[in-house]
Amino acid sequence: RLNRRLEARMEKLRWDTIFNGGFSWMGKTLSFGIPGANRLTPVGAVWSSDGISANNSATPLKDLRYWLLGGSSTFRKYKITKIISNPNTARWFLDNTNTLSYLTSYGANPNLGSYELNKVLQILSPGLPPWEIYNGWYQSETTVSGKLTVSDATYFVPDGYLFFEASLPGGDQIGEFMQTI
């Protein structure tokens, strides 16, 4: 169990650096910063306004197409190879009435076979990179009266964030981007 706890702590430091620009460890804070241009906001509205249900005022497919298919000048020079989110963010995309409306209007339902995230993306917008749902989680620990207490599970990739794995057109790996949604 100790090994799993240590691995989870290291994984949390990694994801904290990606999404927060740094981390704190053993009383020291390390900050690397995140360029402001690497944090875009949705074209419409946030994908969930309460952290539970999809926000049907949002247009998540339009956001992805704008960010990744040439609308955003920030990302035009990069080849986005993968989208990574936690299960909640992926669910907000799939449960959004605008996404469902696109599927219905395209007549894709009979051809879909299953309501799987990557199949939906390729039907609605061919050319978008694959979307990986990362289920990794951690628990915060506190000691009270000599007893270890753990919190509920929290995903490493925060709700409402997308992580874009990217490379330069020549194939050189340049890093990653993340979006606040």
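Residues numbered from 1 in each chain as written. Predicted model: local features only at pLDDT ≥ 70, side-chain atom pairs only at ≥ 80, totals over all residues. Heavy atoms only, no water.

### Quick word on the pairing of strand β2 (residues 28-31)
Operational definition: We treat two strands as partners when DSSP finds at least two bridges between them. Numbering of helices and strands starts at the N terminus; helices are DSSP runs of H or I of at least 4 residues and strands are runs of E of at least 2.
As judged from the 4 bridges shared by strand β1 (residues 22-25) and β2, these two strands associate in the antiparallel manner. Each residue of the ladder has a partner; that of Gly22, found in β2, is Ser31. Hairpin connection, β1 to β2: the antiparallel pair is bridged by 2 residues, and Met26 has positive phi, about 50°.

### Description of the packing of aromatic side chains
The line we're drawing: Here is the rule: rings of Phe, Tyr and Trp (six-membered ring for Trp) pair when centre to centre is within 6.5 Å. Planes less than 30 degrees apart are stacked, more than 60 are edge-to-face, and the remainder are tilted.
For the coordinates displayed, the defined rule picks out 14 aromatic pairs. Judged by centre distance (6.4 Å) and plane angle (45°), the rings of Phe23 and Phe32 are tilted. Within the aromatic cluster, the residues linked to one another by ring pairs are Trp15, Phe19, Tyr134, Tyr138, Phe156, Tyr161 and Phe163.

### Brief notes about the layout of surface pockets
Selection rule: Grid spacing is 1 Å over the protein atoms alone, the probe is 1.4 Å, and a cavity is where that probe fits but cannot get out, while a pocket is an open set with protein on both sides within 12 Å along at least five of seven lines and lining residues have an atom within 4 Å of a point. Grid points are joined across faces, edges and corners, and a volume is the space filled by probe spheres set on the points. For this classification, the nonpolar set comprises Ala, Val, Leu, Ile, Met, Phe, Trp, Tyr, Cys and Pro, the charged set comprises Asp, Glu, Lys and Arg, and every other residue, Gly included, is treated as polar.
Taken as a whole, the largest pocket spans an internal volume of roughly 520 Å³. Contributing to the lining of the largest pocket are 16 residues, with Arg5, Ala8, Arg9, Gln139 and Glu141 lying nearest its centre. Of all elements in the fold, only α1 (2-20), β1 and β5 (137-138) reach the threshold of two or more residues within the lining of the largest pocket. Ranked by residue count, the leading element in the lining of the largest pocket is α1, at 8 residues. Class assignment of the residues belonging to the lining of the largest pocket gives a composition of 8 nonpolar, 3 polar and 5 charged.

### Structural notes on the confidence of the model for the chain
As a reminder of what qualifies: The predictor attaches a confidence to each residue, and that confidence, scored 0 to 100, is pLDDT.
For the chain, the mean per-residue pLDDT works out to 84, and 88% of the residues sit at or above 70. Across the chain, the element-wise mean pLDDT spans from 54 in strand β10 (residues 173-180) up to 95 in strand β4 (residues 131-133).

### Considering the pairing of strand β6 (residues 141-144)
In this structure, β6 lies alongside strand β7 (residues 147-150), joined through 4 bridges in antiparallel fashion. Bridging from a neighbouring strand, Thr142 pairs with Thr149 of β7. Linking β6 to β7, which pair antiparallel, is a turn of 2 residues; within it Ser145 sits at a positive phi near 50°.

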